[in-house]
Structure formats: structure tokens, C-alpha cells
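Topology and contacts: notes
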Amino acid sequence: MKPARLLLAAAVPVLVTASVYLLASEDPDAGGAGPDLSSAYRSQAAEDAKGAEGAKAWAEGGAGAADADVLADAPPGLAAPAEKDLAQQLVASAENSTLDWRSAYAYIEDIGDGQGYTAGIIGFCTGTDDLLTLVEGYTKAHPDNRLAKYLPALRAVDGTDSHEGLDPGFTAAWKAEAEVPAFRKAQDTARDRVYFDPAVRLAKLDGLGALGQFVYYDAMVFHGPGTGPTGFYGMRLRALEKAGSPTEGGSEKTYLDTFLDIRRAAMKTRDPDIDTSRVDTAQRRFLDEGNLGLRRPLEWQVYGETFKVP
């Protein structure tokens with residue numbers, strides 16, 4: 001499977017618009033001059049959102065019959081209900097400083113990262129297309145929702161950090177709509193379609209267990225489904241080039257070590273002062289402990305706070 005998968009993965013950037021993070025080094029591991037974060041980050045985020053449709057289409061089903069057989073034979077892994085709930089807790093510890101991930105449906109805030117408002121259970125952003133796509137889809141099914149009237153403004157600010165047309169009422173409308181079960185379900189569906197399902201699918205094809213599946217998922221959430229050097233698909237391709245995945249006969253620990261090195265460097269490329277503890281004292285800790293199956297109990301630190309799952 002190695003030649004076919006690598007060739008197809010390498011072709012993905014040709015099928016979609018390549019990311020244009022030109023102010024940073026092409027290789028995050030090699031260092032280089034720091035970018036103008038406010039503008040470059042927004043450019044990267046917008047390209048990640050718009051440039052990954054071909055990659056997602058492949059991840060969601062275009063990989064061929066042989067890969068379908070691999071997936072059919074694979075254990076549920078992170079897709080099992082209890083494991084999926086654990087994955088949401090782990091993400092919420094980094095995204096919202098809580099294990100109660102369901103409390104984040106109503107979350108909305110501009111955290112100053114150049115992506116406008118960040119909202120909901122997975123950090124949908126007004127500047128990165130995914131929040132707009134969520135509201136558009138939800139409005140088709142529920143035209144009278146509180147967010148529908150903000151669609152023109154959401155389209156106008158997509159790809160920027162602007163609040164124009166959203167303030168002062170959008171945050172209140174989001175919080176109110178988050179009390180509606182249908183909108184919570186819409187957030188769940190968008191999370192699974194764009195982030196969780198493609199990440200877990202690819203991790204299984206790469207021969208990764210529950211930890212590796214979560215490593216992919218968390219990277220997809222944080223970096224977005226982009227094909228550039230700091231997008232998920234771009235990082236995965238570089239990891240496959242540097243270290244063989246278990247499917248290709250490589251060591252699972254070595255491969256995940258390589259992926260986490262690339263991911264940490266990508267985080268620093270986007271923001272040299274960023275806190276990387278979600279990698280350093282959470283995922284890397286589980287890996288160093290040899291806990292490739294995410295067996296409980298788990299203990300980890302994010303931003304200096306300790307979390308435990310018994």
C-alpha cells in the first residue's frame with residue numbers, strides 16, 4: 001500500500017489550492033524569519049479552509065476498495081462511543097480548559113488569534129469558513145434561527161478577523177441558539193464531517209491506535225484541514241516522508257514522535273510565543289508512557305492545569 005497511498009497523498013496539493021503562508025519558512029523545522037502573524041495567520045487560515053476540499057474528499061471516501069477493506073477490518077478505536085467522548089474531553093481541556101465538552105456549545109469569544117470569533121464545541125471561527133458553513137447548513141434546515149440574519153456579515157468577514165456586521169448582537173444570538181437541540185446536533189455533525197471522521201479514518205489507514213487517532217484529530221482541530229506546511233494534511237505528508245507509518249512497516253511510536261515534532265514546529269511557526277503544552281505535556285506524555293491505546297486512568301497538563309480521567 002505504501003506507493004499508492006504516498007502518491008495519492010502527494011497529489012492532493014495539486015488537486016486543491018496550495019496554502020500561501022509565504023512569510024514563514026517552507027520547512028518549520030528549519031527555523032527562519034518570523035512572519036507578520038496578524039496578516040499571515042489570517043491568510044493561512046483562509047487558505048486552509050478553502051484549499052482542503054480535495055484532500056477531505058479523498059479522506060472521506062475516495063481512497064479505493066483496498067483501503068475500505070482495511071477500515072472494515074480495523075477495530076472501532078476512537079470512533080467507539082466511550083473513546084469518542086474521551087477524545088472530546090481531551091480537546092476541551094485544551095480548547096476550553098474543561099472536561100465538560102458539552103458546556104462549550106454556547107462558547108464564543110475573540111481570542112485574538114486573527115481568526116475573528118471562535119465558537120462552539122470545536123472552535124468554529126468566523127474567519128476560517130467553518131463557522132459560516134455551519135450556519136449556512138443549519139439555516140437551510142431551520143430558516144428561522146437567530147443566526148440566519150447574520151449570514152451576509154459572516155460571508156463578508158470570512159477570511160478576516162473583522163467583527164463588522166456581527167457586533168453587538170451575534171455573540172448573544174449564538175449563545176441563545178446553542179440552547180436549541182437542533183443547533184447542538186448541527187455542531188456535532190459539522191465536527192464529525194470536517195474534523196473527527198477524516199482524522200480517524202486516515203489514522204486507521206496509517207495503522208495508528210487510539211492515541212495516534214487522537215493526535216491526528218487534535219491536529220485537525222487546531223491547524224485546520226489545510227495542505228500547506230502548517231495545515232493537517234501538509235503535516236501528515238511530511239511525517240510520512242520522514243518516518244514510515246505502521247502501515248508502511250514503521251514503528252508507531254517513532255512515527256508519532258515525528259508527527260508531533262512537525263506539529264510543534266508548525267505551532268511555533270504560526271506564533272513563536274504559543275503554548276505547546278497540548279502536545280508537550282499531554283499527547284507526548286501519553287506517547288512517552290507507551291500508552292498507544294489511551295488506556296485509563298489518564299493524567300495530563302494543559303496550560304499548567306492538571307486534568308484527570310479515572
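Note on numbering: residues in each chain are counted from 1, in written sequence order. Only residues with pLDDT of 70 or above have their local features reported here, since the model is predicted, and side-chain atom pairs are shown and tallied only from 80 upward, although totals for entire chains, interfaces and linings are computed over all residues. Remark: hydrogens and water are excluded; side-chain values derive from all non-hydrogen atoms of the structure.

This part is about the overall build of the chain. By the criteria applied, helices consist of DSSP H or I runs no shorter than four residues and strands consist of E runs no shorter than two, each listed in order from the N terminus. Summing up its helical and strand segments, the chain has 13 helices and five strands in all. Three labels apply to residues, based on accessible area from a 1.4 Å probe with only protein chains included: buried if under 20% of the type maximum, exposed if over 50%, partly exposed otherwise in between. Burial analysis of the chain (310 residues in total) assigns 53% to the buried set. In what follows, residue pairs with any heavy atoms lying within 4.5 Å of each other are defined as contacts. Counted over contacts in the chain with a minimum sequence separation of 6, partners at least 24 positions apart contribute 63%. Where accessible areas are quoted, they stem from the Shrake-Rupley method and a 1.4 Å probe; at the residue level, only the protein chains shown are allowed to cover. Summing over all exposed atoms, the chain offers an accessible surface of approximately 12,600 Å²; the carbon and sulfur share of this is 54%.

The next subject is the packing of helix α10 (residues 210-223) against helix α12 (residues 252-270). Axes here refer to lines fitted to C-alpha atoms; in helices the fit is confined to the stretch in contact. Angles between the N-to-C directions go from 0 to 180 degrees. Contact pair α10 / α12: the axes reach a minimum separation of 11 Å and the direction vectors enclose 15°. With respect to α12, the axis of α10 lies roughly parallel. The interaxial crossing formed by α10 with α12 has left-handed handedness. Where α10 approaches α12, its residues G212, V215, Y216, D218, A219, F222 and H223 are matched on the opposing element by Y255, L256, F259, L260, R263, A266, M267 and R270. Looking at the contact of α10 with α12, its residues break down into 10 nonpolar, two polar and three charged. In these notes the angle categories are as follows: under 35 degrees is roughly parallel, over 145 is roughly antiparallel, 65 to 115 is roughly perpendicular, and the rest is oblique. Left-handed describes a crossing in which the near helix is turned anticlockwise from the far one by less than a right angle; the clockwise case is right-handed. Under this grouping Gly is polar, as are all residues other than the nonpolar Ala, Val, Leu, Ile, Met, Phe, Trp, Tyr, Cys and Pro and the charged Asp, Glu, Lys and Arg.

It is worth spelling out the packing of aromatic side chains at this point. Stacked, edge-to-face and tilted are the three classes for Phe, Tyr and Trp ring pairs, Trp counted by its six-membered ring, which pair at centre distances within 6.5 Å; planes under 30 degrees apart are stacked, over 60 edge-to-face, the rest tilted. For the structure on display, the rule yields 14 aromatic pairs. Ring geometry for W174 and F183: centres 4.9 Å apart, planes at 80°, overall edge-to-face. The exposure class of F183 is buried, given its relative accessible area of 0%. Judged by centre distance (6.0 Å) and plane angle (75°), the ring pair of F286 and W300 falls under edge-to-face.

We now examine the nonpolar core. Residues enter a nonpolar core if they are buried and are Ala, Val, Leu, Ile, Met, Phe, Trp, Tyr or Cys, with the set joined through side-chain atoms within 4.5 Å. In terms of nonpolar packing, the biggest core is built from 79 residues, with F170, W174, Y217 and L294 touching the most fellow members. It is helix α9 (residues 181-205) that contributes the most residues to this core, 11 residues altogether.

At least two DSSP bridges between two strands are required for those strands to pair. Pairing is antiparallel in the open sheet, where three strands are placed in the order β1-β2-β3. In this open sheet, the two strands that pair with only one neighbour each are β1 (108-109) and β3 (124-125). As judged from the two bridges shared by strand β2 (residues 118-119) and β3, these two strands associate in the antiparallel manner. Bridge pairing in β3 links T118 to C125.

Right, let's get into the environment of V309. By the secondary structure assignment, V309 is in strand β5 (residues 305-309). Using a relative accessible area of 9% as the deciding quantity, one classes V309 as buried. Spatially, the C-alpha atom of V309 lies 9.9 Å from that of R295, the residues being 14 residues apart in sequence. In contact with V309, not counting residues within four places along its chain, are L86, Q89, L99, R296, P297, L298 and W300.

The subject of this paragraph is the confidence of the model for the chain. This prediction gives the chain a mean pLDDT of 83; 79% of its residues lie at or above 70. The pLDDT value tells you how sure the predictor is about a given residue, anywhere from 0 up to 100. pLDDT under 50 marks residues 1-52. Its contacts with residues more than four places away, or in other chains, come to 98 contacts. Ignoring residues within four places in sequence, the model shows residues 54-61, a span with pLDDT below 50, making 22 contacts including any to other chains.

The subject of this paragraph is the pairing of β5. Note that strand β4 (residues 298-302) and β5 share five bridges and pair antiparallel. In the strand pairing of β5, E299 is matched with K308. Here β4 hands over to β5 after two residues, with Y303 in that stretch at a positive phi of 55°.

It is worth spelling out the pattern of salt bridges at this point. Take a side-chain nitrogen of Lys or Arg and a carboxyl oxygen of Asp or Glu: if they are within 4 Å of each other, that pair is a salt bridge. Here the structure, examined in full by the defined rule, presents 16 salt bridges. Measuring nitrogen to oxygen at the nearest pair gives 2.8 Å for the salt bridge that ties E83 to R296. Note that E83 is positioned in helix α5 (residues 81-95) and R296 in the loop between α13 (277-288) and β4, a separation of 213 residues in sequence. Residue classification places E83 among the buried residues on the basis of a relative accessible area of 18%.

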